[in-house]
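# Structural overview
Below, each chain spelled out in residue letters.
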Amino acid sequence: MKIVQVKDYNEMSEAACSLIIREIHNDPELVLGLATGSTPEGLYKKLIEKYNQEAVSFKAITSFNLDEYIGLSKDNRNSYHFYMENYLFQHIDINMQNVYVPTANSPDAEKECSAYEKLIRDNGKIDLQILGLGTNGHIGFNEPGTKFSSRTHIVNLAESTRKANARFFETIENVPTSAITMGIKTIMESREIIILVSGERKAKALARFINGEISEHFPASILKKHDNVTVIADEAAMNNLK
Ligand code: GLP
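Residues numbered from 1 in each chain as written. Predicted model: local features only at pLDDT ≥ 70, side-chain atom pairs only at ≥ 80, totals over all residues. Heavy atoms only, no water.

### Quick notes on the layout of surface pockets
Here the largest pocket defines a volume of roughly 530 Å³. Among the residues forming the lining of the largest pocket, the class breakdown is 12 nonpolar, 13 polar and six charged. Roughly 200 Å³ of internal volume is contained in the second largest pocket. Forming the boundary of the second largest pocket are 14 residues, of which Lys74, His81, Val99, Tyr100 and Val101 lie nearest the centre. (1 Å grid on protein atoms, 1.4 Å probe; cavity = no way out; pocket = protein on both sides within 12 Å on 5 of 7 lines; lining within 4 Å. Points joined across faces, edges and corners; volume = space filled by probe spheres on them. Nonpolar A, V, L, I, M, F, W, Y, C, P; charged D, E, K, R; others polar.)

See below:
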């Protein structure tokens, strides 16, 4: 696992942006795995800037999002469909036919999970997956205790996750209790993974991720077994490692 330490959130976003652009230049048909949450917002801003400067085109890429809340409509401002549209898709030349976000309101959610897995497989797997780190070690919405062998599935959100994400909602009661997420195995099959970690809020989780044992109690720990992972972390997040 490669660890890149950067000064702050801005540098983290910049470093991730450069890496993604390099990969798109190498392969304009890149299959990109995307994350939501506050962590990649800066990265998406930088990608839009680069697009506006004509330094990159997203025309031929395909994207798969990690997860989506169950129970929120696509136009709910807290849904990840809305987030992606708002923070990235509407600002770039990505072909919306090649954009995939799990449909969490499908009448048959189990079927949606296997269909999503199949779609990823049919696209030849994910070339580059972007991840954030949950304060409890979750990746995507794979909460502590999720099997490392899991594929796209439905999850009940941990109370700690609902609390952590309550800042985006009016009250904690409005935070959905379940979600659909790519599984850990799905994520691990990506050719390359970048995990972004910023701020003191993540310092404990980052220290456990880097120094702790590999265990299903801390989902991100499995990334240490992947042979192409880059952690981009800022000084505040690295604080507990010194
Ligand atoms: C959320 C998302 C994850 C995200 C993580 C961290 O619940 N499902 O994909 O990476 O938690 O969120 P944030 O970046 O807001 O700290």
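Now that the structure has been shown, the text picks up again.
### A few points about the site of the ligand
Taken together, 15 residues sit near the ligand, with Ser38, Thr39, Asp67, Arg201 and Lys202 positioned nearest. Between an oxygen atom of the ligand and a side-chain N or O atom of Arg167, the distance comes to 2.9 Å. Contact distances for the ligand include 2.6 Å between an oxygen atom and a side-chain N or O atom of Lys202. Taken by itself the ligand offers 390 Å² of open surface, and the protein chains cover 98% of this. In this structure the site holding the ligand corresponds to the largest pocket. (Near = heavy atom within 4 Å. Polar contact = N/O pair within 3.5 Å; in protein donor to acceptor, adjacent residues only side chain to side chain. Areas by Shrake-Rupley, 256 points an atom, 1.4 Å probe, with all protein chains shown as cover. Sits in = over half its atoms within 2 Å of the grid points.)

### Observations regarding the packing of helix H2 (residues 41–52) against helix H3 (residues 80–87)
With their axes 10 Å apart at the nearest point, H2 and H3 run at an angle of 40° to one another. The residues of H3 that touch H2, namely those facing Glu41, Tyr44 and Ile48, are Tyr83, Met84 and Tyr87. Residues belonging to the contact of H2 with H3 are distributed by class as follows: five nonpolar, no polar and one charged. (Axes fitted to C-alpha atoms, helices over the stretch in contact; angles between N-to-C directions. Helix = DSSP H or I, 4+ residues; strand = E, 2+ residues; numbered from the N terminus. Contact = heavy atoms within 4.5 Å.)

### Some words on the nonpolar core
Ranked by size, the top nonpolar core spans 41 residues in total, and within it Leu43, Leu47 and Leu88 carry the most contacts. Sorting the residues of this core by element identifies helix H1 (9–26), strand E2 (31–34), H2, H3, strand E6 (128–132) and strand E9 (192–197) as the ones contributing at least two each. Sequence-distant contacts of Leu47, that is, excluding residues within four places in its chain, are made with Cys17, Ile20, Ile21, Val56, Phe58 and Leu88. Membership of the second largest hydrophobic core comes to 27 residues, among which are Ala35, Ile120, Ile126 and Phe209. (Core = buried A, V, L, I, M, F, W, Y, C linked by side-chain atoms within 4.5 Å. Buried < 20%, exposed > 50% of the residue type's maximum accessible area, 1.4 Å probe, protein only.)

### Concerning the packing of H1 against H2
Following both chains from N to C, one finds H1 and H2 inclined at 55°, their axes separated by 8 Å at the closest point. Here H1 is positioned oblique relative to H2, judged by the angle of their axes. Taken as a pair, H1 and H2 cross one another with a handedness that is right-handed. Across the interface between the two elements, Tyr9, Asn10, Ser13, Glu14, Ala16, Cys17, Ile20 and Ile21 of H1 pack against Glu41, Gly42, Leu43, Lys46, Leu47 and Lys50 of H2. Its residues assigned to classes, the contact of H1 with H2 shows seven nonpolar, three polar and four charged. (Parallel < 35°, antiparallel > 145°, perpendicular 65-115°, else oblique. Left-handed = near helix turned anticlockwise from the far one by under 90°.)

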